[in-house]
Amino acid sequence: MYFIGTLEIDPSQLTKIKPIKKQGFITQFLNAVSFGQLSPKQELETFNATSILQQIYDGFNSIGINNVIRLSMDNYDFYLDETGQENDLDKAVFSFTSRVDPIESELFETIYLVLEHREDNLNFLIEVDVKRKHKVGEYPIFIDINCVFEEFNLSHYKSEEELFQNLVTRFSNQESFDEFFEINKMKFNNFLDKVEIAAKKYIPVDNVIKRSKRVLVRPNQKITKLNQVKHLKSSQPIHYGYPGFDKSAFYIYLWSDLMFKNNLYCSNFFITDEYGNEIFTIGENGFFAKQSNALNTDIQIQDMIEDSKNFPLDYDDNNPDESNKSN
């Protein structure tokens with residue numbers, strides 16, 4: 001299990017809406033006779049790369065988040081930490097601002113920033129995606145926060161088996177599991193609020209959409225070793241395979257087996273495979289893990305889905321995420 005929080009930020013800077021130019025006689029003809037009404041459009045932000053990065057830097061730095069993994073613009077890495085340096089946000093931003101000229105800063109397409117932060121026995125992987133050009137109605141700044149529990153970092157254990165046995169003992173009953181979830185849900189939401197407040201303080205905004213959810217990873221096959229984990233760079237940050245974060249996140253691949261072994265009650269989860277692809281959601285109407293083979297990793301996902309007897313009896317299609325909008 002891990003938490004996901006997202007912040008979609010609409011800055012107050014002036015936004016221009018421009019048509020997307022497409023080639024072809026038919027397209028040009030239809031666009032002409034409709035006076036441009038049929039042409040797809042996109043929003044073009046007027047902020048430049050250096051100024052928006054400085055605002056993002058000020059926001060994170062003000063709340064002690066300063067450990068950078070990656071900083072890139074238009075798919076070019078200006079800074080990539082492959083050795084696990086700490087407190088390198090200043091170094092990353094300097095590398096960026098000293099090498100980007102004014103024209104590049106005005107005409108950039110995307111900025112991509114990844115940070116890691118430990119706080120209150122939680123480990124956060126923070127992904128910031130800034131798009132100067134985007135679809136009409138989309139917000140240009142998207143912050144994706146994945147949160148794992150530092151208590152279950154593989155580095156603290158002699159082996160993967162010792163970690164799993166610790167999980168089984170730690171959550172041997174429903175009460176201990178529910179208490180752990182409620183405490184950490186509160187800590188995670190407080191952190192998400194803190195990031196939102198910092199963003200609003202340093203980035204003038206028109207609106208912020210905030211969402212959070214908890215995710216249970218149900219691998220297609222049983223995973224017992226770190227070297228069995230495969231990564232998918234187009235998925236959630238936790239599945240990217242960033243150096244050093246793999247041991248922090250390894251326990252999430254054991255969580256399904258933990259739930260099944262201890263027959264814990266499942267509710268308000270997004271269930272994904274090991275790559276982050278959503279399989280189904282469980283709302284308020286949950287189920288005990290051994291009621292079905294939904295979390296039994298001895299059975300592959302497709303076989304579980306095809307056999308209705310293996311599917312959760314109280315499967316709920318309701319979306320269990322939490323979201324709100326604020327100005």
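All values reported here derive from a predicted model rather than from experimental measurement.

**Student:** Any chance you could explain the packing of helix 2 (residues 49-62) against helix 3 (residues 89-97) here in plain terms?
**Tutor:** Where helix 2 contacts helix 3, the two axes come as close as 11 Å, and the packing angle between them is 175°. The angle between the axes of helix 2 and helix 3 places the two elements in the roughly antiparallel class. Taking contact as the criterion, the partners of Ala49, Thr50, Leu53, Tyr57, Phe60 and Asn61 in helix 2 are, on helix 3, Leu89, Asp90, Val93, Phe96 and Thr97. Residue composition of the contact of helix 2 with helix 3, grouped by class: seven nonpolar, three polar and one charged.

**Student:** Sorry if this is basic, but what is going on with the pattern of salt bridges here?
**Tutor:** Once their charged atoms are close, side chains differing in charge can pair, the charge on each being opposite to the other. On inspection of all chains with the given rule, the structure shows 12 salt bridges. Between Asp77 and Arg70 there is a salt bridge; the shortest N-O distance is 2.8 Å. The partly exposed category is assigned to Asp77, whose relative accessible area is 29%. You can call Arg70 buried: its relative accessible area is 13%. With a shortest N-O distance of 2.9 Å, Lys210 and Glu196 are connected by a salt bridge.

**Student:** Would you mind showing me how to read the nonpolar core here?
**Tutor:** Generally speaking, soluble globular proteins have nonpolar side chains that are buried together. Formed by 96 residues in total, the largest nonpolar core has its most connected members in Phe60, Ile126, Val128, Phe152, Tyr251, Trp255 and Met259. Among the elements that line this core, the one with the most residues is helix 6 (residues 174-202), at nine residues.

**Student:** I tried to follow empty space enclosed by the protein on my own but got confused; where do I start?
**Tutor:** Under the definition given, this model contains two cavities of 30 Å³ or more. The computed volume of the largest cavity comes to approximately 100 Å³. Around the largest cavity sit 13 residues that line it, and Ile56, Phe60, Ile143, Ala199 and Ile203 are the ones nearest its centre. Those elements giving two or more residues to the lining of the largest cavity turn out to be helix 2, strand 9 (141-149) and helix 6. Looking at the lining of the largest cavity, its residues break down into 11 nonpolar, two polar and no charged. Lining the second largest cavity, in full, are Leu226, Val229, His231, Ile238, Gly241, Tyr242, Phe245, Asp246, Ala249, Phe250 and Tyr253.

**Student:** Would you take a moment to explain a negative patch on the surface for this structure?
**Tutor:** Taken together, Glu175, Asp178, Glu179 and Glu182 make up a surface patch of like negative charges. Since its relative accessible area comes to 65%, Glu175 is described here as exposed.

**Student:** Honestly, the environment of Asp88 in this entry has me stumped. Any pointers?
**Tutor:** Of note, Asp88 is situated in the loop between strand 5 (76-80) and helix 3. Considered as a pair, Asp88 and Ile69 are 19 residues apart in the sequence and their alpha carbons are 8.7 Å apart. For Asp88, the contacting residues outside a window of four places in its chain are Asn66, Asn67, Val68, Tyr79 and Asp81.

**Student:** Explain unusual backbone geometry here, please?
**Tutor:** Peptide bonds are, in most cases, trans, and in most cases residues other than glycine have a negative phi. In this structure, Asn75 takes a positive phi of about 70° despite not being glycine. With respect to the helices and strands, Asn75 occurs in the loop between strand 4 (68-73) and strand 5. The exposure class assigned to Asn75 is exposed, which follows from its relative accessible area of 72%. Residue Asn121 is not a glycine yet carries a positive backbone phi of 65°. Take Asn121: it is sitting in the loop between strand 6 (110-119) and strand 7 (122-131).

Each value, and the rule that gives it
- Residues numbered from 1 in each chain as written.
- Predicted model: local features only at pLDDT ≥ 70, side-chain atom pairs only at ≥ 80, totals over all residues.
- Heavy atoms only, no water.
- Axes fitted to C-alpha atoms, helices over the stretch in contact; angles between N-to-C directions.
- Helix = DSSP H or I, 4+ residues; strand = E, 2+ residues; numbered from the N terminus.
- Parallel < 35°, antiparallel > 145°, perpendicular 65-115°, else oblique.
- Contact = heavy atoms within 4.5 Å.
- Nonpolar A, V, L, I, M, F, W, Y, C, P; charged D, E, K, R; others polar.
- Salt bridge = Lys/Arg side-chain N within 4 Å of Asp/Glu carboxyl O.
- Buried < 20%, exposed > 50% of the residue type's maximum accessible area, 1.4 Å probe, protein only.
- Core = buried A, V, L, I, M, F, W, Y, C linked by side-chain atoms within 4.5 Å.
- 1 Å grid on protein atoms, 1.4 Å probe; cavity = no way out; pocket = protein on both sides within 12 Å on 5 of 7 lines; lining within 4 Å.
- Points joined across faces, edges and corners; volume = space filled by probe spheres on them.
- Patch = residues over 30% accessible without salt bridge, like charges linked within 9 Å, V, L, I, M, F, W, Y side chains within 5 Å.
- Areas by Shrake-Rupley, 256 points an atom, 1.4 Å probe, with all protein chains shown as cover.
- Lys, Arg positive; Asp, Glu negative; His and termini not counted.
- Charge placed at Lys NZ, Arg CZ, Asp CG, Glu CD.

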